[in-house]
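Structural characterization, general
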Amino acid sequence: YTLFNSMGSTTTYLIDNCGTKVYEWNSNYRPGASVYLLENGNLLRTNRLDSTAFTFGGAAGGIEILDPSSNVIWQYEVNTDSTLSHHDVEVLPNGNILILAIESISPQESNDNGSLVTAERWSEMILEINPTTDQIVWEWHAWDHLIQSSDSSLANYGIISDNPGKININYAFRKDGTDPDWMHANSLDYNSDLD
């Protein structure tokens, strides 16, 4: 079987290898980029919500679980002026859900961390949500793992090649370094060996 949701459609399809529709779910939202069939027959999907702060491919803002009759049984939003979920989610063995998101970092905070360019940055983060309580039970921020080799007075100063577990704040996709989407993830996965 193949499970998919075209980017412009609110309908998610499950088809067989001959292209015959086996099942469908209907949502009130276009997808953010990911849909997953859960073991109990429910559908976990990302939702593309309106965002005034962020515009890029894979932007979402919401997550929902639909039952086989397309009823919303759970939903969650990461859609503020400073954060937005995007692309992917992952269900953990304990039932919690990992959410891939970005957070806006101000030009001043970028400079305070050794950025050579005064510009807003969108930094990746991962949130672990307990869907029973809607509480964030764990989070990881790429911004907490920066290194730079320009200003020795800053705490994140170091030799970049000696720190493979750190992210060079002065790496950028565009040559001038002003693209706020300077690091960009499309998916995440759970490593059961390392938990």
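Just above sits the structure.
Residues numbered from 1 in each chain as written. Predicted model: local features only at pLDDT ≥ 70, side-chain atom pairs only at ≥ 80, totals over all residues. Heavy atoms only, no water.

1. A few points about the packing of aromatic side chains
- Taken as a whole, this structure holds six aromatic pairs when the rule is applied.
- When the centroid spacing of 5.7 Å and the interplanar angle of 45° are considered together, the rings of Phe56 and Trp122 count as tilted. Of this pair, Phe56 sits in the loop between β5 (43–48) and β6 (61–66) while Trp122 sits in strand β10 (residues 121–130), and the two are 66 residues apart along the sequence. Each of the two residues, Phe56 as well as Trp122, counts as buried.
- Pairing Trp74 with Tyr76 gives two aromatic rings, centres 6.0 Å apart and planes at 10°, and the pair type is stacked. Across the pair, exposure class does not vary: Trp74 and Tyr76 are buried alike.
- Through a chain of ring-to-ring contacts, three or more aromatic side chains come together here, namely Phe54, Phe56 and Trp122.
- Here the basic side chain of Arg121 rests over the ring of Trp182, its NZ or CZ set 4.8 Å away from the ring centre. (Phe/Tyr/Trp six-rings, centres within 6.5 Å; stacked < 30°, edge-to-face > 60°. Helix = DSSP H or I, 4+ residues; strand = E, 2+ residues; numbered from the N terminus. Buried < 20%, exposed > 50% of the residue type's maximum accessible area, 1.4 Å probe, protein only. Lys NZ or Arg CZ within 6 Å of the ring centre and 35° of its normal.)

2. As for the nonpolar core
- Within the largest apolar cluster, 14 residues are counted, with the highest numbers of intra-cluster contacts made by Leu44, Trp74, Ile97 and Ile99.
- Those elements that provide at least two residues to this core are β6, β7 (72–77), β9 (97–105) and β10.
- The residues touching Ile99, leaving out its near neighbours within four places in the chain, are Ile63, Tyr76, Val78, Ser85, Asp88, Val89, Met125, Ile126, Leu127 and Ile129.
- Residues Ala142, Trp143, Leu146 and Ile169 belong to the second largest nonpolar core, which totals seven residues. (Core = buried A, V, L, I, M, F, W, Y, C linked by side-chain atoms within 4.5 Å. Contact = heavy atoms within 4.5 Å.)

3. Looking at the pairing of strand β4 (residues 31–37)
- Note that β4 and β5 share four bridges and pair antiparallel. Paired with Leu37 across the two strands is Leu43, which belongs to β5.
- In sequence, β4 turns back onto β5 through a hairpin of five residues, with Gly41 there showing a positive phi of about 90°. (Pairing = 2+ DSSP bridges.)

4. Some points on the sheet that holds β10
- The sheet built from four strands is open, its strands ordered β8-β9-β10-β11 with antiparallel pairing. Each edge of the sheet is formed by a strand with only one pairing partner; in this case those strands are β8 (83–91) and β11 (135–141). If you compare each strand with its neighbour and ignore which way they point, the axes differ by 30° on average.
- Pairing between β9 and β10: nine bridges, direction antiparallel. (Axes fitted to C-alpha atoms, helices over the stretch in contact; angles between N-to-C directions.)

Read these as spatial facts, not as claims about activity.
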